[in-house]
Structure formats: C-alpha cells, structure tokens
Amino acid sequence: MLQLTRRPLRFWKTLEAAHAIAALVISFAAATPAAADWRKELGTFRIGMIEAQGKQYSPADLARLSAAYSGALGMPVEIFQAKDFPSLIDAQASSRIEYAFYTAQAYATAYLACECVEPLAAPQGADGSAGIKTVLLLDEALSVADIANSKGIGFAGKDSLSTYGVALASFQPKGTSLTGTESWLRLEGAPSDMLIGLQNGNLDGFLATVPSSLKLNDALRKDTALSLELSKTGRKIKAVWLSDTVPNGPHAVRKNLAPEAKEALLKLLVGMAAANPDLNDLLLPEGAAAFSPVSHQAYGLALKATKALAEASGAPKP
C-alpha cells in the first residue's frame, strides 16, 4: 500500500504557487505567438478613404497619417484612396482594406452589404454634439395634423439620409411611416430653394438638420444660422418634430480584426486631440473637436434610414 508522507502546510502552499506560476508561463507562451500572428498574417495594414472627403490630402499629409497608424500598430501601413464610397465599401467588404473613413450613410451601407464591419470612433463636435438630428419646420399656423393639406413640405435630395431618409424611417404624421409618395412631400434642389419656397408661399415647411445636442425647443434658437435665414422669409416658423441622433460618420474596421489591433486604433483616435492635435485637425471635419468611442447600436437610425431610401427609390436593398 502506497504511503503518503505527511508534509508541512508551507510545502503544499509552495507547490501550489509553483503550479500557478507554471500555468501562467504556459498560458503566456501560448498566447504571445497568437497575439503577434495578426501582424504577420496581415503583413501590411491597409486604410481606405475616398479621394476627396471634404478636403484634399497632400503626399505629406498621407505620409503623416501612415506614420501615425504604423506607430500605433507596430507594422507597415498603406493608404488606399477610392474614387467614391461604393468603391471604398467594396474594398472593405472584400477584405482588401481593414480600416475605412466613412460617413454615417456609407457605414450603414457597408454594414448592410456584409455585416463584416464595426465602428471604432466618430468625430464629436466642439459643442458636444455627436451627430445631427432631422427637424421638421412648419408654418406657425399649422400643426403636424395639417401637413397633408399644406402647400408642401420641402426636402433636399432623394438620396439624402440626414433629412429624407430619416423622415422616411421615423416620422409618422398619422401613426404610420412615410412611403415617399405623399403628395405634400416636395423635392427641392437645395436649402436655399426651400427658403425661397417659404418666402414665395409655395411651401409651408421643410426638413432640415441641426446638431444632436439641441432639443426640439432649442432647434430654432435665435442665435442659430437656420433661424436667422428663416427670419428673412417673413414667415413665422416653428419646429414640430425632431428625430433621434444620426452619429457622425465613423472610422470603422473589419469585425475579424484582432482585438489588440482594435484597442490600439481606438487609443490612437481618442487620444489624438491631446497627443497629435495637427493630425487630429487633419482627420476631423469642420466643427469637430475630437474622436469619441462609438458603438454599432448608435447607428440604428442610420441603418433604418438607409433601408428606407432603398425601398422608396425602388432600388435593391443594400
């Protein structure tokens, strides 16, 4: 019969500690190659943007971008400039790039195309706004119930997510969603055309956008550019409906990118305002101050609006 030698308590504690250390070493040894493999597998990290995204990037700008991302990731970086958003979306959906600069509508289209992308961070306005809301402006003598009998409600662009798409997805004047065929919906060329329509009496209201930081009662504050322009029409206008927020367009990655890479990229973006303000200004749209983390759930309205635009146009859904 095997006899177990009685050992002092400290022996067993020492042995237990040794086992724990050994397990930690084995775990670390197993995890370290895996953590490094994503760099080896990718070889080069590829970033995509469209050629003219509100500004032109010079060769020096592109070199600065590449250097910043390369330093954050610890690997070579290449920048792909697509001719338009469909080309950029196709590049990310087909794994030709890992990372892209998107508008909210482009991100929604990319997600609906493959569900293979996720946002990391998006610009936040200097006023604290994270995006925009759609507002319905109406003659002060009318109410939402009177819209069908109005002279018309203007909107700019049948492909505009921020006004027409959001209204199709979430505005329900009679408890049901819009179809886009309503006779009182009037397609106008530009916001200036809608202001002229109000002034001439051809319209009784229109859809516009305001910063997401504003509430319905604040949408036409006297100090806003919109309220100043409306005052020139000679019409008394009120805000009667305000949508939920459509966040600013995100920087998005492929879902299957290594978590370590996602963490490094998010850290780069969120810390950029303090660590590299010149690069921060280069990447941000006018009026934005910094990047903030953003989730896919935040783009719920953008997704609904993108689907609604496709349905209203009769085009295949993205």
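Look above for the structure.
This one's a predicted model, so the numbers in the text were calculated from it and none came from an experiment. Every chain's residues receive numbers from 1 upward, in the order its sequence appears when written. Where totals are concerned, whole chains, interfaces and linings use all residues; where local detail is concerned, this predicted model gives features only for residues with pLDDT of at least 70, and gives and counts side-chain atom pairs only at 80 or more. Note that water and hydrogens are dropped before the side-chain values are worked out from all heavy atoms of the structure.

Brief notes about helix α2 (residues 59-73)
Working step 1: In this description a helix means any DSSP run of H or I spanning at least four residues, a strand means any run of E spanning at least two, and both kinds are numbered starting from the N terminus. What a helix should span is 1.5 Å times the count of its residues minus one. Taking 1.5 Å per residue, 15 residues should reach 21 Å; α2 reaches 21 Å between its end C-alpha atoms and fits that length.
Working step 2: Working definition: with a 1.4 Å probe on protein chains only, accessible area under 20% of the residue-type maximum means buried, over 50% means exposed, and in between means partly exposed. Of all the positions in α2, only D61, L62, L65, S66, A68, Y69 and L73 are classed as buried. Along α2, the residues classed as buried sweep out an arc of 165 degrees about the axis, all on the same side. The exposed set on the far side of α2, more than 90 degrees from its buried face, consists of P59, A67 and G71.
Working step 3: Remark: G74 follows α2 within two positions and exhibits a positive phi of approximately 70 degrees. Arc, as used here, means the arc of the directions from the helix axis to the C-beta atoms.

Observations regarding the pattern of salt bridges
Working step 1: Just to be clear on terms, a salt bridge is a Lys or Arg side-chain nitrogen sitting within 4 Å of an Asp or Glu carboxyl oxygen. Enumeration over the complete set of coordinates arrives at 8 salt bridges.
Working step 2: Measuring nitrogen to oxygen at the nearest pair gives 3.3 Å for the salt bridge that ties R64 to D61. Taken as a pair, R64 and D61 lie in helix α2 at a separation of 3 residues, close to a single helical turn.
Working step 3: With its nearest N and O atoms 2.8 Å apart, the salt bridge here joins D204 to R235. Linking D204 in the loop between α6 (191-200) and β8 (205-211) with R235 in the loop between α7 (225-231) and β9 (237-242), this pair joins segments that are 31 residues apart in sequence.
Working step 4: When salt bridges that share partners are traced, they join D139, D204 and R235 into one network.

A short note on the nonpolar core
Working step 1: Ranked by internal contacts, the top residues of the largest apolar core, which has 45 residues, are L88, Y102 and F171.
Working step 2: Every element with two or more residues in this core is listed here: α3 (85-93), α4 (104-114), β4 (117-125), β5 (131-139), β6 (153-156), α5 (161-170) and α10 (300-313).
Working step 3: Residue contacts follow a heavy-atom distance rule, with two residues in contact if any of their heavy atoms lie within 4.5 Å. When neighbours within four sequence positions are excluded, Y102 is seen to be in contact with F85, L88, I89, Q92, Y107, A110, G249, P250 and A252. Residues belong to a common nonpolar core when they are buried Ala, Val, Leu, Ile, Met, Phe, Trp, Tyr or Cys residues joined through side-chain atoms within 4.5 Å.

Observations regarding the environment of D61
Working step 1: Here D61 falls in the buried class, since its relative accessible area comes to 14%.
Working step 2: Residues D61 and L282, spaced 221 residues apart in sequence, show a C-alpha to C-alpha distance of 8.0 Å.
Working step 3: Contact partners of D61, with chain neighbours within four places excluded, come to Q56 and L282.

Section: the state of the cysteines
Simply put, disulfide is the name for a covalent bond between the sulfur atoms of two cysteines.
Working step 1: Cysteine sulfur atoms are paired as a disulfide whenever they fall within 2.5 Å. Under the definition given, this model contains 1 disulfide.
Working step 2: Disulfide pairing is shown between C114 and C116; the S-S distance is 2.0 Å. Between C114 and C116 the disulfide shows an S-S torsion of about -65 degrees. By sign, it is left-handed.

Details of the environment of A167
Working step 1: Among the structural elements, A167 can be located in helix α5.
Working step 2: A C-alpha to C-alpha distance of 7.4 Å links A167 and L178, two positions 11 residues apart in sequence.
Working step 3: If we skip the residues at most four places from it in the chain, A167 touches L178, L207 and W241.

Section: α6
One turn of an α-helix holds 3.6 residues; hence residues three or four places apart share an orientation.
Working step 1: Listing the buried residues of α6 in full gives M194, L195, G197 and L198. Buried residues in α6, looked at end-on, bunch into an arc of 155 degrees, giving them a common side.
Working step 2: On its buried face, α6 is in contact with β6, β7 (185-188), β8, α7 and β9.
Working step 3: Backbone geometry just after α6 places G201 at a positive phi near 85 degrees.

Observations concerning the pairing of β6
Working step 1: With 4 bridges connecting them, β6 and β7 associate as parallel partners. Looking at β7, one finds that A156 is bridged to E188.
Working step 2: Taken together, β6, α5 and β7 constitute a β-α-β crossover, and its handedness is right-handed.
Working step 3: At least two bridges found by DSSP between two strands are what make those strands a pair. Of the strand pairs in this sheet, β6 and β8 are connected by 2 bridges, and their pairing is parallel. Each residue of the ladder has a partner; that of G154, found in β8, is F206. Here, the term right-handed applies to a crossover whose path from the first strand over the helix to the second runs clockwise when the strands point away from the viewer.

Some remarks on the sheet that holds strand β3 (residues 99-101)
Working step 1: Taken together, the 6 strands give an open sheet; going across it, the order is β2-β1-β3-β11-β4-β12, and neighbouring strands pair in mixed fashion. With one partner strand each, in any of the chains shown, β2 (77-82) and β12 (288-293) form the two edges of the open sheet. Strand-to-strand, the axes of this sheet are offset by a mean angle of 25 degrees, without reference to chain direction.
Working step 2: Where β3 and strand β11 (residues 251-254) come together, 3 bridges link them in antiparallel fashion. Within β11, the residue paired with Y99 across the bridge is V253.
Working step 3: Against the sheet, α3 engages β1 (45-50), β2, β3, β4 and β11, with an angle of about 160 degrees to β3.
Working step 4: Comment: axis = line fitted to C-alpha atoms, over the contacting stretch for helices; angle = value between 0 and 180 degrees taken between N-to-C directions. Strands β1, β3, β4, β11 and β12 of the sheet are contacted by helix α8 (residues 259-275), whose axis makes an angle of about 155 degrees with β12.

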